[in-house]
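Descriptive structure summary
Okay, here's what each chain looks like letter by letter:
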Amino acid sequence: MASLKSLAKDTAIYGMSSIVGRFLNYLLVPLYTTKISALSGGYGVITNVYAYTAFIMVLLTFGMETTFFRFSNKEGENPRQVYSTTLLFVGLISTVFAMLVVLFINPISGLMGYENHPEWVLVMAVTVAIDATKCIPFDYLRYKKKALKFAALQLFNILLTIALNLVYFIVMGGNDVTYVFYINLACTVATTLLLYREIADAFHGEGRLLDLSLLRRMFSYSWPILVLGIAGILNQTADKIIFPYIYTGADAHAQLGIYGACAKIAMIMAMITQAFRFAYEPIVFAGIKDRNSKEMYAKAMKYFIIFTLLAFLSVMGYMNILKYLIGEDYWEGLRVVPIVMAAEIMMGIYFNLSFWYKLIDKTIWGAWFSGIGCIVLIGVNIVFVPQYGYIACAWAGFAGYAVSMILSYVVGQKYYPISYPIKDILLYTVLAILFFAVITMHNRDYSPAVAIIMNTIVILVFIAVIIWRDMKMAVRRFRK
């Protein structure tokens with residue numbers, strides 16, 4: 001119970017920085033989609049370049065974030081040495097990556113389709129190299145349970161990004177996407193400098209700064225996580241990376257921009273999952289020997305699903321308001337929002353299921369599950385995008401996450417069985433689907449104002465069911 005209380009507390013702090021920060025970051029979406037028209041394809045460029053950035057970030061961190069937590073809590077290991085070895089390794093490969101991009105900037109930018117703007121690729125490479133390195137000090141903050149500082153620095157980065165974008169696009173009246181990338185670089189550097197104490201901690205203490213023997217042991221654990229991470233991030237970004245290559249129309253970046261802008265509305269699920277992960281991961285590894293840990297995992301899964309279903313209904317219920325987060329000429333893509341949100345829910349479930357193979361040090365299973373899901377996603381994109389456009393991207397993500405989730409659950413119940421409350425989960429899922437159908441009907445048949453009122457009632461009914469049913473069960477357990 002103490003672990004669940006700690007989880008709730010840390011999730012609230014991490015969630016505040018993640019959800020509030022992402023919400024503030026949403027201010028950039030209406031800004032970009034208002035100042036950069038859909039037809040220009042500028043927002044499509046931003047979507048495409050940031051998809052590459054996310055993919056490269058996984059490569060450079062090399063699965064070391066999860067590995068850091070595993071080895072820091074492992075008996076016989078020196079946590080400070082684990083930290084310094086992780087930081088120096090990731091910093092080294094990130095530096096080498098940035099240098100290689102600088103040396104081969106012209107062929108790389110040409111391959112990406114940006115031969116006329118190599119500066120986009122160059123700035124992206126330097127930014128992602130610094131970002132990958134600073135992930136480790138941020139993980140160190142999580143390990144030290146300094147959630148408030150973690151949240152403060154994350155919010156600082158976002159607020160600075162918003163401020164500089166407002167200055168450029170509003171005060172200066174600019175509309176060049178190049179400055180979006182320069183601003184991102186400046187904010188990354190500023191945030192990294194504020195982590196100087198955490199970076200300095202890596203160089204204080206006993207033992208080698210870069211322990212090669214330790215690094216080899218960490219590699220044996222991390223490389224399947226790297227494969228898992230590659231497959232996982234491709235599930236999120238592959239459609240945005242390959243879309244310009246497989247879409248048959250001449251307006252590939254314009255269509256990608258519409259899809260990317262509307263998918264942003266659905267990213268509330270990614271925020272919730274990220275906040276949950278930041279708090280959940282350290283607790284899971286620290287509580288490996290707790291005999292009640294499986295019960296905690298089962299309860300955490302149930303409440304995670306309930307919360308995400310509530311978020312899904314809330315977004316769809318207030319879509320007539322949320323659609324103003326993007327420019328009006330992007331609204332044609334709003335049909336992808338429920339599909340992408342459903343895919344993100346399954347991704348979150350898959351993440352929660354993934355701990356069974358991490359806890360028994362069989363991370364290769366994760367690589368298999370995510371790899372198969374990734375193959376499904378890419379296959380659906382290649383087959384259907386040429387005919388159906390970006391709507392196929394949304395369904396491809398749904399199919400890929402569904403396959404990975406199902407595989408992880410089935411195999412996990414064999415090797416690390418956990419008694420998840422399947423009946424409760426199915427009941428809330430079916431109820432959410434029914435309420436979603438009602439909300440969709442309201443949005444279609446009534447004026448925006450009336451639809452919002454009626455949808456609010458639907459959402460309140462869902463909340464009432466949650467409170468009545470779970471509070472009733474809690475009272476019964478207390479009486480016993």
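Residues numbered from 1 in each chain as written. Predicted model: local features only at pLDDT ≥ 70, side-chain atom pairs only at ≥ 80, totals over all residues. Heavy atoms only, no water.

Here we come to the packing of helix α18 (residues 364-388) against helix α19 (residues 390-415). Interaxial distance between α18 and α19 falls to 8 Å at its minimum, and their mutual angle equals 160°. What the angle tells us is that α18 and α19 run roughly antiparallel. α19 is crossed by α18, and the crossing has right-handed handedness. Class assignment of the residues belonging to the contact of α18 with α19 gives a composition of 19 nonpolar, seven polar and no charged. (Axes fitted to C-alpha atoms, helices over the stretch in contact; angles between N-to-C directions. Helix = DSSP H or I, 4+ residues; strand = E, 2+ residues; numbered from the N terminus. Parallel < 35°, antiparallel > 145°, perpendicular 65-115°, else oblique. Left-handed = near helix turned anticlockwise from the far one by under 90°. Nonpolar A, V, L, I, M, F, W, Y, C, P; charged D, E, K, R; others polar.)

Position of Ser40 relative to the elements: it lies in the loop between α2 (28-35) and α3 (42-61). Overall, the relative accessible area of 52% leaves Ser40 in the exposed class. Along the backbone, Ser40 and Asp251 are 211 residues apart, and their C-alpha atoms lie at a distance of 8.9 Å. Only 3.2 Å separates the side chain of Ser40 from the backbone nitrogen of Gly42, close enough to count as a polar contact. (Buried < 20%, exposed > 50% of the residue type's maximum accessible area, 1.4 Å probe, protein only. Polar contact = N/O pair within 3.5 Å; in protein donor to acceptor, adjacent residues only side chain to side chain.)

Below, the discussion takes up helix α12 (residues 252-266). With 15 residues, α12 extends 21 Å between its outermost C-alpha atoms, agreeing within 8% with the 21 Å of an ideal straight helix rising 1.5 Å per residue. Counting buried residues along α12, 13 of its 15 residues qualify, which places the element largely inside the surrounding structure. (Expected span 1.5 Å × (residues − 1).)

Right, let's get into the pattern of salt bridges. Per the counting criterion, the structure on display carries seven salt bridges. Here Asp239 makes a salt bridge to Lys240, at a shortest N to O gap of 3.6 Å. No difference in accessibility class separates Asp239 from Lys240, as the two residues are buried. Through salt bridges with shared partners, a single ionic network connects Lys302, Asp424 and Arg469. (Salt bridge = Lys/Arg side-chain N within 4 Å of Asp/Glu carboxyl O.)

A separate point is unusual backbone geometry. Here the phi dihedral of Phe62 falls at roughly 60°; this positive angle occurs in a residue that is not glycine. Tracing the backbone shows Phe62 in the loop between α3 and α4 (64-72). The class of Phe62 is partly exposed, set by a relative accessible area of 22%.

Below, the discussion takes up α3. In a regular helix each residue adds 1.5 Å, so 20 residues correspond to 28 Å; α3 covers 29 Å between its end C-alpha atoms and thus fits that length. Of the residues one or two after α3, Phe62 is the one with positive phi, at around 60°.

Glancing now at the confidence of the model for the chain. Confidence in the prediction of the chain, expressed as mean pLDDT, is 85, and 86% of residues score 70 or more. When mean pLDDT is taken per element in the chain, helix α9 (residues 178-193) scores highest with 95 and helix α1 (residues 2-25) scores lowest with 59. (pLDDT = per-residue confidence, 0-100.)

Counted according to the given criterion, the structure contains 30 aromatic pairs. An angle of 70° between the planes, with centres 5.7 Å apart, marks the rings of Phe68 and Tyr143 as edge-to-face. Taken together, the positions of Phe68 in helix α4 and Tyr143 in helix α7 (residues 118-143) put the pair 75 residues apart, joining distant regions of the chain. The exposure class of Phe68 is buried, given its relative accessible area of 0%. Judged by centre distance (5.1 Å) and plane angle (70°), the rings of Phe89 and Phe219 are edge-to-face. Of this pair, Phe89 sits in helix α5 (residues 79-103) while Phe219 is found in helix α11 (residues 212-246), placing the two residues 130 residues apart along the sequence. Among the residues examined, Phe89 registers a relative accessible area of 11% and is labelled buried. What makes Phe219 partly exposed here is its relative accessible area of 26%. By the ring-pair criterion, three or more aromatic residues cluster together here, those being Tyr32, Tyr43, Tyr168, Phe169, Tyr179, Tyr182 and Tyr330. (Phe/Tyr/Trp six-rings, centres within 6.5 Å; stacked < 30°, edge-to-face > 60°.)

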